[in-house]
Amino acid sequence: MPWSEAMIKSQTKLPASDPSKGRVLNYTAALNEALTLALELDPNIFVLGQGVDDSSGMFGVTKGLPDKFDSQRVFDTPLSEDGMMGVCVGAAMNGMRPVYLHNRPDFLLLTFNQLVNHASKMHWMDSGQTSVPMVVWAAIGRGWGSGSQHSQAIQSLLMPVPGLKIVMPSTPYDAKGLMLAAIADNNPVLIFEHRWLMKQQGEVPEGIYYVPIGKGVYRRRGDDVTVVGTSHILTLALEAVDGLGDQGITADVIDLRTLKPLDENIIFESLSKTGRLLVIDTGWQMSGVCAEIACLAAEKAFHSLKAPIRRIGLPDLPTPAGFTLEQFYYPNAKNISAVIQKMCQ
Amino acid sequence: MIRFHYQGQGYYNIDLSTYEQAFLHNLYYAMLRIRRIEEEIERRYCEDEMKTPIHLVIGQEATSVGSCAALKTDDRIYATHRTHGNYLAKGGDLKAMISELYCRANGCVASRGGSMHLLDKKAGMDGSSAIVGGIIPIATGSALAAQLQSSDCITGVFFGDGATEEGALWESLNFAALKKLPVIYFCENNFYSVCSPLKNREPAGTRIDKKADAFGVNAEQVDATNVIKVYEATLRAILRINSGAGPAFLECIAYRWRGHSGAGDDSHTGYRDPKEVLHWETVCPVATFYNALIDQGLLHENQARRMEEMINAEIKEAFAYAINSPNPVYEDLNKFAYSD
Ligand SMILES: Cc1ncc(C[n+]2csc(CCOP(=O)(O)OP(=O)(O)O)c2C)c(N)n1
């Protein structure tokens, strides 16, 4: 096992296996199954990306697909992110449903011309005459020297762009169901995974099912505070909240699962009970996802609020590569716990 | 199946005695040094203390050494994720590099960059980017600055064959040719991008040098297992630049012996035939040059042994220095958010 893999594994808290819970799969296997089912379902779906056909198969997500499907439907690409993104847009506008996979969101920064200037607004600009049904997938990196250019969580850069949908799952169940929903969607959908979730295991039903895009879920129910987030940082929040029971603090922990469209109602519903809001995100705090959600709460749920809104994201700095600096850079369960305690004082 | 065969001629017909012996020894020493440093990094990587990705240049040493031997200290170079060879050949400080790999406060970028972002400005190793193709326009901008400042600084930029699929390269070449910028593009073609062979990414029969040539940039294909060939091609490029003819592009062909990243060869995963690695090991840039020097009576085995000893001692010292160096502290994180 490469050392970085070993590190990711050591970061993963595996739930105690519960035989009553149905079939358990790991995160990447769930995604792999989603892609397999989709490719079997619709001949217009194709999967592309750098290294999708190599032995590691995009962290395992595309493993085995090249053996099962024609090489026209699962293929490696040149290192031409912006061009290939445009190729996907053009194919999608003409009856195909591309699923374009990237190792890291950092590489999507090369594709903003196609994503923001084209994919997102084609349908609107031509008055609904064409659609761009495509999925763009990338896995946020962290640790082992990922550093400033291999760890960026760029969801907040794309969230304001009209016409895009943004999905950020946190469980194998959602990863599969949201991938299938994204592929079925007639719009460009971005899926941001997190590398540190990929060794997680969880219940994953067989066959096709869809997790609705734009619907959050409660991961914990409580009374004192509402914690809202997505993806990997949610696992830290759960750790923090679970550790606060002794002190008599309980929380609603909401996994939004998709950032755009955003399930406002679940946030307001919870806030009407708790009156306290903590928003967390894997990306930069400034002008980020947290800021948007906090603003929505201030605008539309002001009267529910009993305390100032708090947010936890990344500092206004690039990611350092070294592990010591990283520990200072990333929020952890302790930080989240401390903020929740302060809010509840 | 061997997909990519060596097509050069080694040192056949090259009379090395036209060069000064000290120069030849320096070239050999520099290549051997990079090889031994890479081997030591590789050996120690499994200890789990260098918490950084590594991209070893074993097999590709001659590109860095031959090119940097032709450049001046105050010429600037820029690099990619595969930085080690470029950094060392340009004169980058070894202790600062190893400290960076160990994520120490006294690393060359104080633990902010790791192995993919080595730089040593004193040596003219001016930076590197882990985004494929990202550094190429920046290096082109460095050449523009030199031109606008009427400086005689030449910029060299190193990148892989994968980067030739990025638009940024071709946009840069066009501009460099337009402005006749003092820049040399060193494309280190090792045939693979991670596990993708060229055939997955570029049409069969593509000649990267010919494409560059079509952009109006003087281009050559170079046997980059051969340090003298790289050196001479770089000298030709420099002469042309100095004559005002503008940028050059050298497609430097040499094989990556190890996996894309991490320690060891990864051929067993199936993307390339282990026989292909063995094939290229027979044209080892270090060994072929050594043999040529010995054959032509320009190096003594004793001299080579002394070089090994010096290199070993330097490596030992650098690793001990790095391992015993302090980690960064919290306050370090917030420094340099902006330039004063
Ligand atoms: C824009 C971008 N796309 C993808 C990657 C992931 N990646 C890192 S190194 C690499 C291989 C590059 O191959 P090449 O340019 O030939 O250089 P080599 O590794 O062979 O030296 C890839 C695909 C990246 N870092 N940046």
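Residues numbered from 1 in each chain as written. Chains lettered and ligands numbered in written order. Predicted model: local features only at pLDDT ≥ 70, side-chain atom pairs only at ≥ 80, totals over all residues. Heavy atoms only, no water.

Remarks on the side chain of Thr52(B)
All names here are of chain B.
Part 1 of the argument: Looking at where threonine 52 falls in the secondary structure, it is placed in the loop between α1 (21-45) and α2 (61-70).
Part 2 of the argument: Residue threonine 52 is classed as buried on the basis of its relative accessible area of 1%.
Part 3 of the argument: In this structure the side chain of threonine 52 is engaged in a polar contact, spanning 3.0 Å, whose partner is the backbone nitrogen of serine 115. (Helix = DSSP H or I, 4+ residues; strand = E, 2+ residues; numbered from the N terminus. Buried < 20%, exposed > 50% of the residue type's maximum accessible area, 1.4 Å probe, protein only. Polar contact = N/O pair within 3.5 Å; in protein donor to acceptor, adjacent residues only side chain to side chain.)

Considering the domain arrangement of chain A
All names here are of chain A.
Part 1 of the argument: According to the domain assignment, chain A contains domain 1 (22-203) and domain 2 (217-343).
Part 2 of the argument: The distance between the C-alpha centroids of domain 1 and domain 2 comes to 26 Å.
Part 3 of the argument: Contact with domain 1, which involves 32 residues of that partner, is made by 26 residues of domain 2.
Part 4 of the argument: Taken together, both faces of the contact between domain 1 and domain 2 bury some 2,300 Å²; the carbon and sulfur share is 57%.
Part 5 of the argument: Between the two partners, domain 1 and domain 2, sit two salt bridges.
Part 6 of the argument: One salt bridge connects arginine 219 with aspartate 174, and the closest N-O pair in it is separated by 2.7 Å. (Domains from an automatic or database assignment. Contact = heavy atoms within 4.5 Å. Buried area = accessible area lost by both parts, 1.4 Å probe. Salt bridge = Lys/Arg side-chain N within 4 Å of Asp/Glu carboxyl O.)

Brief notes about the packing of α1(B) against α2(B)
Residue and element names in this part refer to chain B.
Part 1 of the argument: In the contact formed by α1 and α2, the axes pass within 9 Å of each other and the chain directions differ by 140°. Comparing the axis directions of α1 and α2 gives the class oblique. Regarding α1 and α2, the two cross each other, and that crossing is right-handed. Two secondary-structure elements touch here, α1 through Phe23, Leu27, Ala30, Met31, Ile34 and Arg35 and α2 through Glu61, Ala62, Val65 and Ala69. (Axes fitted to C-alpha atoms, helices over the stretch in contact; angles between N-to-C directions. Parallel < 35°, antiparallel > 145°, perpendicular 65-115°, else oblique. Left-handed = near helix turned anticlockwise from the far one by under 90°.)

Overview of the sheet that holds strand β3 (residues 74-75) of chain A
Residues and elements named next belong to chain A.
Part 1 of the argument: Judged by pairing direction, the sheet is mixed, and its seven strands sit side by side in the order β3-β2-β4-β5-β7-β6-β12 without closing on themselves. Edge positions in the open sheet fall to β3 and β12 (258-260), since each of these has one partner strand only.
Part 2 of the argument: In terms of strand pairing, strand β6 (residues 165-167) meets strand β7 (residues 189-194) through three bridges, oriented parallel. Following the sheet pairing, isoleucine 166 is matched in β7 by leucine 190.
Part 3 of the argument: Contacts between helix α2 (residues 27-41) and the sheet are confined to β2 (45-49), β3, β4 (97-102), β5 (135-140) and β7, with β2 contributing the most and set at about 135° to the helix. (Pairing = 2+ DSSP bridges.)

Section: the nonpolar core
Part 1 of the argument: Among the nonpolar cores identified, the biggest contains 86 residues, and Leu16(B), Ile41(B), Ile98(B), Ile228(B) and Phe289(B) are the most heavily contacted of them.
Part 2 of the argument: Among the nonpolar cores identified, the runner-up in size contains 47 residues, and Leu108(A), Ala119(A), Leu190(A) and Val289(A) belong to it. (Core = buried A, V, L, I, M, F, W, Y, C linked by side-chain atoms within 4.5 Å.)

Overview of the site of the ligand
Part 1 of the argument: Around the ligand, 21 residues are found, and the nearest of them are Glu81(A), His81(B), Arg82(B), Ala130(B) and Gly162(B).
Part 2 of the argument: Among the chains of the assembly, those with residues near the ligand are chains A and B.
Part 3 of the argument: Between Gly162(B) and the ligand, the recorded distance is 2.8 Å, taken from a backbone N or O atom to an oxygen atom.
Part 4 of the argument: In the environment of the ligand, an oxygen atom lies 2.9 Å from a nitrogen or oxygen atom belonging to the side chain of Asn190(B).
Part 5 of the argument: Relative to its free-state accessible area of 580 Å², the ligand is covered by the protein chains to the extent of 94%. (Near = heavy atom within 4 Å. Areas by Shrake-Rupley, 256 points an atom, 1.4 Å probe, with all protein chains shown as cover.)

Some thoughts on a nonpolar patch on the surface
Residues and elements named next belong to chain A.
Part 1 of the argument: On the surface, Leu41, Ile208 and Tyr210 cluster together to form a nonpolar patch covering roughly 300 Å² of accessible area.
Part 2 of the argument: Note that tyrosine 210 resides in the loop between β8 (201-203) and β9 (217-220).
Part 3 of the argument: For tyrosine 210, a relative accessible area of 45% translates into the label partly exposed. (Patch = residues over 30% accessible without salt bridge, like charges linked within 9 Å, V, L, I, M, F, W, Y side chains within 5 Å.)

What about the interface of chain A and chain B?
Part 1 of the argument: Contact with chain A, which involves 31 residues of that partner, is made by 37 residues of chain B.
Part 2 of the argument: Between chain A and chain B the total buried area reaches about 2,800 Å² when both faces are included, carbon and sulfur atoms providing 62% of it.
Part 3 of the argument: Our count for the contact surface shared by chain A and chain B stands at zero salt bridges.
Part 4 of the argument: Among the elements that line the side of chain A that touches chain B, the one with the most residues is helix α12 (residues 323-329) of chain A, at five residues.

Thoughts on the sheet that holds strand β8 (residues 248-253) of chain B
Residues and elements named next belong to chain B.
Part 1 of the argument: The six strands are arranged β2-β1-β3-β4-β8-β7 in an open sheet whose pairing can be described as parallel. Every other strand in the sheet has two partners, leaving β2 (125-128) and β7 (218-223) as the edge strands with one partner each. Ignoring which end each strand starts from, the neighbouring axes of this sheet average 20° apart.
Part 2 of the argument: Sheet topology note: the strand β1 (residues 76-79)/β2 ladder contains three bridges and is parallel. Opposite tyrosine 78, over in β2, you have glycine 127 as the bridge partner.

Structural notes on the pattern of salt bridges
Residue and element names in this part refer to chain B.
Part 1 of the argument: Taken as a whole, this structure holds 28 salt bridges over all chains when the rule is applied.
Part 2 of the argument: In this structure, the salt-bridge partner of arginine 44 is glutamate 40, at a minimum N-O distance of 2.8 Å. Residue arginine 44 and its partner glutamate 40 are located together in helix α1, separated by four residues, close to a single helical turn.
Part 3 of the argument: Residue glutamate 40 is classed as buried on the basis of its relative accessible area of 14%.

A look at the environment of Asn190(B)
Residues and elements named next belong to chain B.
Part 1 of the argument: Residue placement: asparagine 190 occurs in the loop between β4 (183-189) and β5 (192-193).
Part 2 of the argument: Residue classification places asparagine 190 among the buried residues on the basis of a relative accessible area of 4%.
Part 3 of the argument: In this structure the C-alpha to C-alpha distance between asparagine 190 and proline 328, which are 138 residues apart in sequence, comes to 36 Å.
Part 4 of the argument: When neighbours within four sequence positions are excluded, asparagine 190 is seen to be in contact with Gln60, Arg82, Asp161, Ala254, Tyr255 and Arg256.
Part 5 of the argument: Here the side chain of asparagine 190 touches glutamine 60 through a polar contact of 3.2 Å, side chain to side chain.

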